[in-house]
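Single-letter residue listing:
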Amino acid sequence: ATHARTGLLVCAAADGSLQSWHARARAPQCACVLVTDGLGAPALAIDPSGAYVAVGLGSGDIAVLGALDLREHFRAHVSSTRITSVAYSADGRALALGDAGGTVWVLALRSYDGAPVRALELTGRCAGAVRAIDWDATGEFLRANSDGRDLRHWAVRSAEPCRPSAVRDCVWASASCPLTWASRGASDRDEGAAARPTCAALAANEHERTLLLVGDEGGGLAVYAYPSATPGAERRRVVAHGGAVLAVGTCGAASAASVDSHDGCILLWSLGSQSRANEDR
């Protein structure tokens, strides 16, 4: 998980260990080990203020940690299966969770300490484990991608699915779902299954142009104009990882980080020149 304004980067492993980094200084900040059942690496998200880190665990629990010291503040049980995706709303007052069974949950959070106070299960399930969730800027709609390579939308207040036409004019606060109308240019590549998108994020280069970063199963990271609604929107693609790209995110002005699912290698990128800036393990 990354936070663009503070340059914070937080990584997690299957054994429950977490490590935070200052991406700009390229130096570790602190580390901790959470009590987990070891069922896969936890899902992570940093809240918009940069104060808290939400951690989805294999037990179906959600833990809220302080972003600066990784000290656990709260823990709540939400799902009977592993939490596979976590996303804060744009105002930081709600948290969306996706689990291995394809269910999406919305948690209301206390504004003064980030604690979860109420959970709402959304109607309908994705076709597989939920891998990415986006909120719209108003907090009224959600969208999600899963292992089943589907795209689903919900109205948060009613907890009911909605048609794509209902969110046609939405301004999305994030673009972590790699399979949407705005990333069709990334999905329609000719390289085949090895280049299928696995993760995505919005970014801006040194000229403040909005870009879409897309990681894929072939270890590539591609830069697109945003929205990349037509084939050919790709600006550059570099195969830099030995395995599928697990996550990508912005961690400062005109910079980003990507994580390799094979060996956990973290690469830092400069988006001004669109070249690799540094590599840390």
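Further up the page is the structure itself.
Residues numbered from 1 in each chain as written. Predicted model: local features only at pLDDT ≥ 70, side-chain atom pairs only at ≥ 80, totals over all residues. Heavy atoms only, no water.

> Any chance you could explain the sheet that holds strand 19 (residues 220-225) here in plain terms?
Backbone hydrogen bonds are what pair the strands of a sheet, in a parallel or an antiparallel way. The four strands are arranged 17-18-19-20 in an open sheet whose pairing can be described as antiparallel. Sheet topology places strand 17 (197-204) and strand 20 (234-239) at the edges, where each strand pairs with a single neighbour. Here the strands of the sheet are splayed against their neighbours by 20° on average, with no regard to which way each runs. Note: strand 18 (residues 210-216) against strand 19, five bridges, orientation antiparallel. The residue bridging Leu211 from the neighbouring strand is Ala225, located in strand 19. (Pairing = 2+ DSSP bridges. Helix = DSSP H or I, 4+ residues; strand = E, 2+ residues; numbered from the N terminus. Axes fitted to C-alpha atoms, helices over the stretch in contact; angles between N-to-C directions.)

> Looking at this model, I keep getting lost on the layout of surface pockets. Mind explaining?
Empty space among the atoms becomes apparent when a probe as large as a water molecule is rolled across them. Its boundaries defined by the atoms lining it, the second largest pocket holds a volume of some 320 Å³. Lining of the second largest pocket is provided by 16 residues; of these, Arg93, Ala94, Val106, Ala108 and Val156 occupy positions nearest its centre. Elements supplying a minimum of two residues to the lining of the second largest pocket: strand 11 (104-109) and strand 12 (116-121). A class-by-class count of the residues in the lining of the second largest pocket yields ten nonpolar, three polar and three charged. (1 Å grid on protein atoms, 1.4 Å probe; cavity = no way out; pocket = protein on both sides within 12 Å on 5 of 7 lines; lining within 4 Å. Points joined across faces, edges and corners; volume = space filled by probe spheres on them. Nonpolar A, V, L, I, M, F, W, Y, C, P; charged D, E, K, R; others polar.)

> Any chance you could explain the packing of aromatic side chains here in plain terms?
Working definition: an aromatic ring pair is given by the centre-to-centre distance plus the angle between the planes. The final tally for this structure, using the stated rule, is zero aromatic pairs. Looking at Arg143, its charged tip hangs above the ring of Trp172, at a distance of 4.3 Å from the centre. (Phe/Tyr/Trp six-rings, centres within 6.5 Å; stacked < 30°, edge-to-face > 60°. Lys NZ or Arg CZ within 6 Å of the ring centre and 35° of its normal.)

> Where do I start with the pairing of strand 12 in this structure?
Looking along a regular strand, one sees the side chains alternate between the two faces of the sheet. Note: strand 11 against strand 12, five bridges, orientation antiparallel. Considered in strand 12, the bridge of Ala108 is made with Arg118. Where strand 11 folds back on strand 12, the antiparallel hairpin that results is connected by six residues, among which Gly114 adopts a positive phi of roughly 70°.

> Would you take a moment to explain the sheet that holds strand 8 (residues 72-77) for this structure?
Pairing is antiparallel in the open sheet, where four strands are placed in the order 5-6-7-8. Bordering the open sheet on either side are strand 5 (43-46) and strand 8, each of which pairs with just one other strand. In this sheet, neighbouring strand axes are inclined to one another by 20° on average, regardless of whether the strands run parallel or antiparallel. In this sheet, strand 7 (residues 61-66) lies alongside strand 6 (residues 52-56) in antiparallel orientation, the contact comprising five bridges. Residue pairing for strand 7: Val53 is matched across the bridge by Leu65.

> Can you walk me through unusual backbone geometry in this structure?
Glycine aside, a negative phi is what most residues show, and trans is what most peptide bonds show. The phi dihedral of Leu70 falls on the positive side, at around 55°, and the residue is not glycine. Of note, Leu70 is situated in the loop between strand 7 and strand 8. Leu70 sits in the buried class, given a relative accessible area of 3%. Positive phi outside glycine occurs at Ala159, with the angle close to 65°. (Buried < 20%, exposed > 50% of the residue type's maximum accessible area, 1.4 Å probe, protein only.)

> Just checking my understanding: could you explain the pattern of salt bridges for this structure?
A side chain with one charge may pair with a side chain of the opposite charge, provided their charged atoms come close. If you walk through the whole model with that rule in mind, you get seven salt bridges. For Asp113, the salt bridge is made with Arg110, and the minimal N-O distance between the two is 2.6 Å. Exposure remark for Asp113: the relative accessible area of 13% places this residue in the buried category. A salt bridge links Arg196 to Glu217; its shortest N-O distance comes to 3.5 Å. Residue Arg196 is located in the loop between helix 1 (184-187) and strand 17, and its partner Glu217 is located in the loop between strand 18 and strand 19; the two are separated by 21 residues in the primary sequence. (Salt bridge = Lys/Arg side-chain N within 4 Å of Asp/Glu carboxyl O.)

> Please explain the side chain of His3 as it appears in this structure.
On the secondary structure map, His3 appears in strand 1 (residues 2-3). From its side chain, His3 meets the backbone oxygen of Pro48 in a polar contact 2.8 Å long. Excluding its chain neighbours within four sequence positions, the residues that come into contact with His3 are Leu8, Ile46, Asp47, Pro48, Ser49, Gly50, Thr250 and Cys251. (Polar contact = N/O pair within 3.5 Å; in protein donor to acceptor, adjacent residues only side chain to side chain. Contact = heavy atoms within 4.5 Å.)

> When you look at the side chain of Ser79 in this model, what are you seeing that I'm missing?
You can see Ser79 is positioned in the loop between strand 8 and strand 9 (83-88). Classification of Ser79 as buried rests on a relative accessible area of 2%. Side-chain polar atoms of Ser79 contact the backbone nitrogen of Thr81, separated by 3.1 Å. Polar contacts involving the side chain of Ser79 include one to the side chain of Asp99, which spans 2.8 Å. Residues in contact with Ser79, not counting those within four places in the same chain, are Ser59, Gly60, Asp99 and Trp105.

> Teacher, can you tell me more about the environment of Ala115 here?
Residue position: Ala115 is located in the loop between strand 11 and strand 12. Distance from Ala115 to His73, taken between C-alpha atoms, is 7.9 Å for residues 42 residues apart in sequence. Leave out the neighbours within four places in its chain, and Ala115 touches Phe74, Ala108, Leu109 and Arg110.

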